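Spelled out from the first residue to the last, the chains are:
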Amino acid sequence: MSTENPTVALPTSAETRTLSSELGTPPPPSAASSPSSFSDTSGPSAFSVLSKETQLDTQISRQVWEGALPLVFRLRRAEVCALQSPHAVYVMASRGTYLPLLMAEFRQHFAQAVSPENRDQEMWVEAEGVPLRWHLPLGVLYDQLCGGTSPIGSATVSASTSAASSGSTDTMASSSLDIPPAGATLLSGHLPWELTVRFAGFPSSRILHCPSLRTVEQHFMNVLKQANYIKFGNGSGVNSLTSSQQIQLWQAVSKGDFDSYLEVNDRLWPSQVKHLPIRVLRRNSLPTVQLPFEPYRVDGQENTVAGALHLVDSALFPDPCACGSDWNVLVHGIAIPLETPLLWLCRNLSYPDNFVYIV
């Protein structure tokens, strides 16, 4: 059984209009013959205009939104104190959801089978012994822990540290909570994804506590604000939404209502963007990388996935135009061609929190 992800037609940078041609000037040399350098930001006015080709493709976004993962939750056998183990719970879950939203539906089902002293403890989940970080969307967790066989997993710490130090990393992502054990390998990833429910021994050094669903909502809104600060260069995006619109947005995410979500989220895409909210997750002991990725290079060509990976780690990706065919780069479980424009990717394959997670 395989993940049921949609087949999405991804454009290459040659198939989209460049910034220069949009403004009526002669197009620059092709991406294949130009170096992939990211332009320096000259100040708050350094914005890029979105062309018609980089507007939202509703059909593609809806297909991505509907991507789902089959899960099976089982209570850890050692924690069962009832005469019989509770039945496993099978769920077809949206890739954009968060684990606590799912777990709230069946907490009581498992809690009644554990010892009284553990019954009121915080429920958490692990996969093959790895505690799952609820603050990441479900699809990101699966792609990072189980997806593909990229050479990223064998990268050395020293090869990537220098490149990452030239930019910034996400505050939460760069903490020790976001660093898998050194030498970590990919999980089996068999579907349905087998997840073990736990009540005892909460691993507070590896995952965040989640005392209530309100915590999940607050986390989502904070990440959404961060993504929109990156796009706008200020906090005007989410702050311009009314209270009812913010409530509508979160309810749409928690209930999987794409149309209701889109109605509000469209307001969060300006006609001009400063930077792109992108996070790169690597399958080794290094933290998630978040740099100020720009839509266009200094030569006017669109920045691509290859260029972004080169910026993240020039040692692993020495050639920004041809990183090789062995790399398996995933977004929403979809293998993304390295020549895919970043701006198109952000507009159409962002998670509900407005970040693109490249794994």
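Refer to the structure above for everything that follows.
As the structure is a prediction and not an experimental result, all values here were calculated from the model.

J.: Describe the pattern of salt bridges, and please don't skip the residues or the numbers.
T.: Taken as a whole, this structure holds nine salt bridges when the rule is applied. When the shortest N-O distance is used, the salt bridge between Glu126 and Arg198 registers 3.4 Å. Here Glu126, found in strand β4 (residues 124–127), pairs with Arg198, found in strand β6 (residues 193–198); they are 72 residues apart in sequence, far enough to count as distant. Using a relative accessible area of 11% as the deciding quantity, one classes Glu126 as buried. Arg198 sits in the buried class, given a relative accessible area of 10%.

J.: Residue-level account of the packing of helix α2 (residues 58–65) against helix α11 (residues 258–265), with values.
T.: Close contact between α2 and α11 brings their axes to 11 Å; oriented N to C, the two are set at 125°. By the angle between their directions, the pair α2 and α11 is classed as oblique. As for the relative orientation of α2 and α11, their crossing is right-handed in sense. On the side of α2, the interface is formed by Thr58, Ser61, Arg62 and Trp65, while α11 contributes Phe258, Asp259, Tyr261 and Leu262. Of the residues that constitute the contact of α2 with α11, the class distribution is four nonpolar, two polar and two charged.

J.: I'd like a description of the nonpolar core, backed by residues and values.
T.: Counting residues in each nonpolar core, the largest one holds 62 residues, and the members touching the most others are Leu71, Phe73, Leu99, Leu132, Trp193 and Leu195. Looking at which element gives the most residues to this core, the answer is helix α8 (residues 213–232), with seven residues. Once residues lying within four places of it in the same chain are set aside, the contact partners of Phe73 are Ala88, Val89, Val91, Leu99, Leu102, Met103, Phe106, Phe110, Val125, Leu195 and Val197. Grouped together as the second largest cluster of nonpolar side chains are 31 residues, Val64, Trp269, Leu342 and Ile358 included.

J.: Which residues make up the sheet that holds β4, and what values go with them?
T.: In space, the five strands of this open sheet follow the order β3-β2-β6-β4-β5, with mixed pairing throughout. Strands at the two margins of the open sheet, each flanked by one partner only, are β3 (89–94) and β5 (130–131). As paired elements, β4 and β6 share three bridges and run antiparallel to each other. The residue bridging Val125 from the neighbouring strand is Val197, located in β6. Of the strands in this sheet, β2 (68–75), β3, β5 and β6 touch helix α6 (residues 138–146), which is tilted by about 110° from β6.

J.: Lay out unusual backbone geometry with the relevant residues and their values.
T.: The phi torsion of most residues other than glycine is negative, and most of the peptide bonds are trans. Geometrically, the link from Leu191 to Pro192 is a cis peptide bond, its omega value of 0° lying close to zero. Its place among the elements puts Pro192 in the loop between α7 (157–164) and β6. Of note, His332 is a non-glycine position whose phi angle comes to about 55°, a positive value. Take His332: it is sitting in the loop between β9 (330–331) and β10 (334–335).

J.: Before we move on, could you go through α2 and cite the residues and values that matter?
T.: Among all positions of α2, only Ile60, Ser61, Val64 and Trp65 are buried. Taken down its axis, α2 places every buried residue within 140° of arc, on the same side. In this fold, the buried residues of α2 make contact with β3, α10 (243–255), α11 and α13 (342–348). Put simply, Asp57 is the residue that caps the front of α2, since its side-chain oxygen is 3.2 Å from the backbone nitrogen of Gln59.

J.: I'd like a rundown of the pairing of β4, residues and numbers included.
T.: Burial along β4 is two-sided: Trp124 and Glu126 and Val125 and Ala127, pointing in opposite directions, are all buried. Bridge count for β4 against β5 is two bridges, and the pairing is antiparallel. Within β5, the position partnered with Ala127 by the bridge is Val130.

J.: With reference to specific residues and values, describe the packing of α8 against α10.
T.: As a packed pair, α8 and α10 sit with axes 11 Å apart at the nearest point and diverge in direction by 110°. Put simply, α8 runs roughly perpendicular to α10. Relative to α10, α8 is oriented so that their crossing is right-handed. Of the residues in α10, those touching α8 at Val216, Glu217, Phe220, Met221 and Leu224 are Gln246, Leu249, Trp250 and Val253. Of the residues contributing to the contact of α8 with α10, the split by class is seven nonpolar, one polar and one charged.

J.: So, the environment of Val130: which residues are in play, and what are the values?
T.: If you trace the backbone, Val130 turns up in strand β5. Judged by relative accessible area, which is 22%, Val130 ranks as partly exposed. Measuring from C-alpha to C-alpha, the distance between Val130 and Leu195 comes to 9.7 Å, with 65 residues separating the pair along the chain. Beyond its immediate stretch of four places on either side in the chain, Val130 contacts Val125, Leu145, Leu187 and Arg206.

J.: An account of the pairing of β2 is requested, with residue identities and associated values reported.
T.: Summarising burial for β2: seven of the eight residues are buried, a large majority. Across six bridges, β2 lies against β3 in antiparallel orientation. Bridge pairing links Leu71 to Val91 in β3. Note that β2 and β6 share five bridges and pair parallel. Of the residues in β6, the one forming a bridge with Arg74 is Thr196.

What counts, and at which threshold
- Every chain's residues receive numbers from 1 upward, in the order its sequence appears when written.
- For a predicted model such as this one, the threshold for reporting local features is a pLDDT of at least 70, and the threshold for listing and counting side-chain atom pairs is 80 or more; totals across whole chains, interfaces and linings nevertheless cover every residue.
- Excluding hydrogens and water, the side-chain values take into account all heavy atoms of the structure.
- In what follows, salt bridge is the name for a side-chain nitrogen of Lys or Arg lying within 4 Å of a carboxyl oxygen of Asp or Glu.
- Numbered from the N terminus, helices here are DSSP runs of H or I no shorter than four residues, and strands are runs of E no shorter than two.
- The cut-offs for exposure are 20% and 50% of the maximum accessible area for each residue type, with area from a 1.4 Å probe on protein chains only; residues under the lower value are buried, those over the upper are exposed, and the others partly exposed.
- Helix axes use the C-alpha atoms of the stretch in contact, all axes being lines fitted to C-alpha atoms, and the angles between their N-to-C directions lie in the range 0 to 180 degrees.
- Small angles under 35 degrees read as roughly parallel and large ones over 145 as roughly antiparallel, with 65 to 115 read as roughly perpendicular and the rest as oblique.
- Left-handed describes a crossing whose near helix is turned anticlockwise from the far helix by less than a right angle; the clockwise case is right-handed.
- The contact definition used throughout considers only heavy atoms, calling two residues in contact when any of these lie within 4.5 Å.
- Amino acids outside the nonpolar list (Ala, Val, Leu, Ile, Met, Phe, Trp, Tyr, Cys, Pro) and the charged list (Asp, Glu, Lys, Arg) are all regarded as polar, and Gly is one of them.
- By nonpolar core we mean a set of buried residues, namely Ala, Val, Leu, Ile, Met, Phe, Trp, Tyr and Cys, connected to one another through side-chain atoms within 4.5 Å.
- Any two strands between which DSSP finds at least two bridges are classified as paired.
- Directions pointing from the helix axis toward each C-beta atom define the arc.
- Here a polar contact means two N or O atoms within 3.5 Å. Within protein one must be a hydrogen donor candidate and the other an acceptor candidate, and residues neighboring in sequence count only if both atoms are side-chain atoms.

Read these as layout, nothing more, since geometry by itself doesn't imply function.
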